[in-house]
Structure formats: structure tokens, C-alpha cells
Amino acid sequence: MAMRCGKVLLATILCLFLGASSAQGELVEAICNTLAQVIVKDEVTKAFNANSTVAPALLRLHFHDCFVRGCDGSVLLDSTPNNTAEKDAPPNKTLRGFEIIDAIKQRLENSTICAGKVSCADILTYASRDSVVLAGGPFWPVTAGRKDGIISRANETSALPSPRLNLTGLLANFAANNLTEDDLIALSGAHTIGHAHCGSFSNRLYSFNATTPQDPSLNSTYAGQLKESCPVGNLNSTVPMDPVTPDKFDTTYYSDVLLNEGLFQSDAALLSTPSTADKVRLYAGNTTAFNDDFVNSIIKMGAIAPPAGSFGELQVGFYDTLCPAAELIVRDEVQKAMNISPGAASGLLRLHFHDCFVRGCDASVLLDSTANNTAEKDAPPNTSLRGFEVVDSAKSRLEEACFGIVSCADILAFAARDSSVLSGGQSYPVPAGRRDGRVSVSQETFGNLPPPSSDLNQLTQIFANKGFTQGELVTLSGAHTVGGSHCSSFSNRIYNFSVTAGEDPTLDPTYVTQLQQQCPQGSSNVSLLVPIDPISPSTFDSSYYTALLANRSLFSSDQALLDSDATSGQVILYANDTDLFLSDFAAAMVKMGQLDVLTGTNGEIRSNCR
């Protein structure tokens, strides 16, 4: 009956705010936050009443989550056929409490108010707080809003502090998470509840070093008791970390440490310096001081931020663990293609550009048309695109090496970078983690891809729509320093520019003659490609800008870069400073590669890029 009344009350309150959407949204969030804490407390209390050892288990789950990739719930993720997750790494094999988090999450998802709103990371944080309170410890307010990560890697659990660390190692480990010496000592007090397996400290009893089997810093009487509980070779039995009050969150742990009865070497290490030993003595005799400091430190720990890429945003080195050979395989395929034809570089650069400017960098340009849909690649601006077979070859190899891991969108981004580098350009790190889109519509190419006949205003507007400045327009136009174009893309400039002029008067007359010789009027030779940069068409340099200043630009859109003082000034700058151009181009490519990307659970990883 109480549950029913609670639902009616929540619904009634919400109805009062239906007239104010922003207030309603804030109220829903506040109510959900309150309801979440009620549900978490209820489930943790039920579990605690059945077995009080769930308190240290949930506290440990929170700690092991936050110290690996930040507080993002990644410790809860299951392993997959292609990845061993954190929970299955050796330091985490003895973690418990997952079923409690699952039960809480299920109740929240089943609620009208909180479905899809409370992260697993927040649930863990609430649960650890409630566990401490149920065990007799202090309450603290939990700020919600953590996001759940999508990455969980067993090898990253090396970030967890070993129970065998000395003080120097512990301090370094905590400092890596922006936690201080004081935080280390306060958070070590979590050992006041719970048990540990014999294997985590048996070296202190039987194999401490080559000359001393038993750790001399360990109280001999206590050592004898531990040996009774943990005979030689018994690694799986458990003993309380605080032998005095193992189920009560108090300060007896610190009293134990002062008596040389800390279970782990990391406990004994807290007596290594006068300052740490003084803090241990303070806590042993002052419960209030410990509780206050523990609260401050665990709030601080609960705010450890996950690294970039955890929530689906792009990340440099995204495949370092998931598919270490990913970038090498793509580069190898690009190199092989360029060995056959240097023009493959410009083809792959153009593929990436035409992909990102339509629906974002989601590899939609690679999808084939179907009986019911004409895809982007078959739209008029894209019928001359090349390089699909290079992407296909890279994808085929990647599926063999790392099935279902590397997206076609990331392959395109890597291939574009490698194309410029292998042509002489500057290398740059490519943030990855894109996922592949499922939609490709030919008509969406119109208005998104700048035609070669565009004037400066049109170019500026199209690039501005994608978040680029006019300066970045000039920079990315430098991709025309490699590759060639079909005669039809510029023939109007040499034969029928206007009603009164057959040739574009801005073009160098000698260059016009050369182009007319290469592209006779009415020629239908679709295989002929004229270099866009007549000076060094296969080298990624700044000669495109030099040619532009000499009025030897192939497209009207190139010539348009001289139509304002700002853009022409940048053209002059790049023509005289290749290093500056290459540096700016690399930065602009990184930015372009992040246009409207699909990440996280959006999109898919295609097994066939087409």
C-alpha cells in the first residue's frame, strides 16, 4: 500500500508542473534522484540484513571502479569474446555485490520516473555510502551525475594499489588519482570492515624475503593466529581485516595497525613516516576526526573523472588494447595502393571529406545503393570518388585480426591521415571510436558538399554550417595539393565561362592553353585526370597555394580564395610557409574528423563497409 501511495504522490506532484516544461524537467530529476537513493538504500539494507559482509563488498566495488578509468561503472561490465573486462582480472576475481547493483538497476529501470536516468556508476556510489552507514559509519551526501563508461579492460586493473605496496608505491598510486597522503590514510580505514583471502597476505607469513620467511614488522602473536587460519598453501580461506570489530565501521583498524596487526603490507606501511604514523594515532583515538576525513576523502574519490573516450567521445589510441594493429593495417593498405598509383592518396582524402560533410564522419559514403534507395556514393558529386577497394581491403584484414572492433568510419579517418603523410604531409594523431551509420541518401549530398563552381560566400557558408571558420576553409582547400580532376569539373572555365567570355579572365592564359590541350572541347574521356596542383601533383606541400597565386587554379572555388584580403593573405602565408600550412592542415583534419560522429551505443560496427 505504501508503494502504491508513493506512486500516486509522485504522479500528482508531476501533474502540478505540466505547465512549465523546464520546471517539470528539474522536478523529475530531483524526484528521480530521491527515488534512486530510496531504492538503493532499500536493496542494500535487504542484502545487509541477510549478510552483513555485503557492506565491505560494495565499498570495495566502488573503490575498484573509481581507481580504474574513474568512477564510471566499468567494473560492472561483463567480458565479451573479444575482450576481458575488469571484473575478470586477477585483482577483481573476489569482488562481490554485482547482483545487488543489478537488482537496484532493474527496479530503477522499471520505475516510471527513473527509467534510463540513473547511471550504474551513481548506483555504486550510493550503495557504498549506504553500506558504510549500515555498518555504523558516517553518512555523506552523494552528488549524482556520473556517466557509465563503455570501456572495461582487464589489463588496466594494474592501476589498483597492491596490498603489498610500500608507502612510496601507495602515495604514487593515490597521487595518480589526485589523492593525497591524507586521503590514503583516511581511505585505508575502509579496512575496518570486511575479510581478505589468505593469498593476499600469505607472503608475510611464509615467504616475506629470501632470509626472513615471516615479516618482522608483523606482531608475532597475530602472525601465529593468521597461520592457524591460513596454513601453507591455503590461499582461499578468509580472515577479518580488522580482527577486533570486523563488521563495525569504526577506528579499531588504526588501533590494530599501531599494534602491528595490520593485515597487509600496505597497512603496515602507514607507520613508515612520522607524519603518517601521527595520523594513524590521531584516528585510533578520535572517531570524529576519522569519520570527517573519511567522508571528505571518499567524496573526493567518488569524483575521479574517467579518461577521454570512456563515454563514447573520440580518443587517441582508442584501439591500442582492443585492436593494437588497427592503424598499422590501414597504413599498410594505403601504402600498397599508393605504390600502384600515387593518386590513391587524393582519392582517400576526398572520400573522408565527402563522408564527413554529409551526415558526419559515419562512413555513410561507403554504403552501396539498394533497390529502394540511391546512396551517397551514387549521387552526381560522388560518382568520381575512388578508394573504396582500399577501405575494403583494410576492413577485410581488420575483421580477421579483430572481428567486429574497428569501424569503417575510423578506417576512413586513418586512411586520410596516412594518405597525406605518405605523400609528404605532416603526421597527426587521429582520435578514434567512431561508429558506422546506417543511412545513406544521395540527395543529402546537395547543399552539404561544396561544388567546384562555388564562390567565396557560398564556400564560407557551407563550411560555417559545419562549424569551420573561413581560415579553416583556406586550410582544408590545401588538400588540392595532391590529386587530379576530370575535365568536366572545370571545363566551363576554359570554354564557356560567361555570355561574353569563353575563358575565365582570372586564369593565366598559358595555363588555359595547357588545359585546353588536355581537355579538348566536348571530350568525353572520363578516365583523364588533370592535376589540381600543376607544380607537384603527387607531393603534399604548399605548392597548391603558389599555383593559386599565379592564377593557375583548376576550380572556381580555388580562385575564390583570392577574393578577400583575409583569405588571399592566408594563401600568401601558406605559399611561403609550408610548415605552417602542414601544421594547420593537421589540426583542421582532426577537427573535421569529429563532425557529427556516432559513438557509444549509436550506430554500428559494419563487417562489410559497403
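The structure presented is a predicted model; accordingly, all values stated were derived computationally and were not measured. (Residues numbered from 1 in each chain as written. Predicted model: local features only at pLDDT ≥ 70, side-chain atom pairs only at ≥ 80, totals over all residues. Heavy atoms only, no water.)

Participant: For this particular structure, what's the right way to read the state of the cysteines?
Facilitator: Defined simply, a disulfide is a covalent bond joining two cysteines at their sulfur atoms. Counted under the stated rule, the structure contains seven disulfides. There is a disulfide in this structure between Cys-32 and Cys-114, and the S-S distance comes to 2.3 Å. One end of the pair, Cys-32, is in helix α2 (residues 21–50); the other, Cys-114, is in the loop between α4 (98–110) and α5 (120–134), and 82 residues separate them in sequence. The same class applies to Cys-32 and to Cys-114, which are both buried. Disulfide pairing places Cys-323 opposite Cys-402 at an S-S distance of 2.0 Å. Across the disulfide from Cys-323 to Cys-402, rotation about the S-S bond amounts to roughly 75°, and the bridge is consequently right-handed. (Disulfide = S-S within 2.5 Å. Helix = DSSP H or I, 4+ residues; strand = E, 2+ residues; numbered from the N terminus. Buried < 20%, exposed > 50% of the residue type's maximum accessible area, 1.4 Å probe, protein only.)

Participant: What's the story with the pattern of salt bridges in this structure? I'm lost.
Facilitator: Here the idea is simple: oppositely charged side chains can pair when their charged atoms come close. With the rule as written, the count across this model stands at 29 salt bridges. Across the salt bridge formed by Glu-327 and Arg-417, the nearest N and O atoms sit 2.7 Å from each other. Taken together, the positions of Glu-327 in helix α14 (residues 326–340) and Arg-417 in helix α17 (residues 408–422) put the pair 90 residues apart, joining distant regions of the chain. Residue Arg-417 is classed as buried on the basis of its relative accessible area, which comes to 7%. Note that Arg-610 is salt-bridged to Asp-392, the shortest N-O span being 2.5 Å. Of this pair, Arg-610 sits in the segment after α25 (578–592) while Asp-392 sits in helix α16 (residues 388–401), and the two are 218 residues apart along the sequence. Overall, Arg-610 belongs to the partly exposed group, its relative accessible area being 34%. (Salt bridge = Lys/Arg side-chain N within 4 Å of Asp/Glu carboxyl O.)

Participant: I keep staring at the UniProt feature "binding site: heme b" (unreviewed entry) in the protein and nothing clicks. Help me out?
Facilitator: The positions that UniProt labels "binding site: heme b" (unreviewed entry) are, in the present scheme, His-480. By relative accessible area, which is 22% here, His-480 ends up partly exposed. (UniProt positions renumbered as here; feature names shortened; annotations may be inferred.)

Participant: Quick question: what am I supposed to make of the domain arrangement of the protein here?
Facilitator: A common way to report how large an interface is uses the accessible area buried once the components associate. When its domains are assigned, the protein resolves into domain 1 (28–157), domain 2 (161–302) and domain 3 (325–483 + 532–593). Here the C-alpha centroids of domain 2 and domain 3 sit 57 Å apart. (Domains from an automatic or database assignment.)

Participant: I keep staring at empty space enclosed by the protein and nothing clicks. Help me out?
Facilitator: Once rolled over the atoms, a probe with the size of a water molecule shows which space is left empty. Enumeration over the complete set of coordinates arrives at one cavity of 30 Å³ or more. In this structure, the largest cavity spans a volume of roughly 50 Å³. In this structure, the largest cavity is lined by His-352, Ala-413, Tyr-428, Val-430, Pro-431, Arg-434, Met-589, Val-590 and Gly-593. Counted by class, the lining of the largest cavity contains six nonpolar, two polar and one charged residues. (1 Å grid on protein atoms, 1.4 Å probe; cavity = no way out; pocket = protein on both sides within 12 Å on 5 of 7 lines; lining within 4 Å. Points joined across faces, edges and corners; volume = space filled by probe spheres on them. Nonpolar A, V, L, I, M, F, W, Y, C, P; charged D, E, K, R; others polar.)

Participant: Would you take a moment to explain the environment of Thr-460 for this structure?
Facilitator: Following the sequence through the fold, Thr-460 ends up in helix α18 (residues 456–465). Along the backbone, Thr-460 and Val-474 are 14 residues apart, and their C-alpha atoms lie at a distance of 9.6 Å. What Thr-460 contacts, discounting residues up to four positions off in sequence, is Gln-470 and Leu-473. Of the polar contacts made by the side chain of Thr-460, one reaches the backbone oxygen of Leu-456; its length is 2.7 Å. Of note is the side chain of Thr-460, whose polar atom sits 3.0 Å from the side chain of Gln-470. (Contact = heavy atoms within 4.5 Å. Polar contact = N/O pair within 3.5 Å; in protein donor to acceptor, adjacent residues only side chain to side chain.)

Participant: Help me understand the nonpolar core in this model?
Facilitator: One broad trend across soluble globular proteins is that nonpolar side chains are buried collectively. By size, the foremost hydrophobic cluster in this structure holds 71 residues, and its most contacted members are Tyr-319, Leu-351, Phe-357, Leu-366 and Met-592. A total of eight residues in this core trace back to one element, the largest contributor, which is α17. Once residues lying within four places of it in the same chain are set aside, the contact partners of Tyr-319 are Pro-324, Ala-326, Ile-405, Val-406, Ser-407, Asp-410, Phe-414 and Ala-432. Core analysis: the second largest hydrophobic core is formed by 64 residues, Cys-114, Phe-174, Ile-193 and Val-280 among them. (Core = buried A, V, L, I, M, F, W, Y, C linked by side-chain atoms within 4.5 Å.)

Participant: What am I meant to see in the confidence of the model for the protein here?
Facilitator: Low pLDDT means the predicted coordinates in that region are not meant to be read closely. Looking at the protein, the pLDDT average stands at 91 and 94% of residues meet or exceed 70. A low-confidence stretch, residues 1–22 (pLDDT under 50), is modelled with 13 contacts involving residues beyond four sequence positions or located in other chains. (pLDDT = per-residue confidence, 0-100.)

Participant: What should I look at first to understand the packing of α18 against helix α19 (residues 470–477) in this one?
Facilitator: For any two helices packed against each other, the geometry is given by the interaxial angle and the distance between the axes. At a closest axis distance of 9 Å, the pairing of α18 and α19 adopts a crossing angle of 100°. By the angle between their axes, α18 is roughly perpendicular relative to α19. Contacts between α18 and α19 involve Leu-456, Leu-459, Thr-460 and Phe-463 on the former and, on the latter, Gln-470, Leu-473 and Leu-476. Classifying every residue of the contact of α18 with α19 by side-chain character gives five nonpolar, two polar and no charged. (Axes fitted to C-alpha atoms, helices over the stretch in contact; angles between N-to-C directions. Parallel < 35°, antiparallel > 145°, perpendicular 65-115°, else oblique.)

Participant: Help me out: how do you make sense of the packing of helix α24 (residues 565–576) against α25 in this one?
Facilitator: Relative to each other, α24 and α25 sit at 115°, their axes nearing to 5 Å. When the axes of α24 and α25 are compared, the pair comes out roughly perpendicular. Packed against α24, whose contacting residues are Leu-573, Tyr-574 and Asn-576, the element α25 presents Thr-578, Leu-580, Phe-581 and Asp-584 at the interface. Taken together, the residues of the contact of α24 with α25 sort by class into four nonpolar, two polar and one charged.

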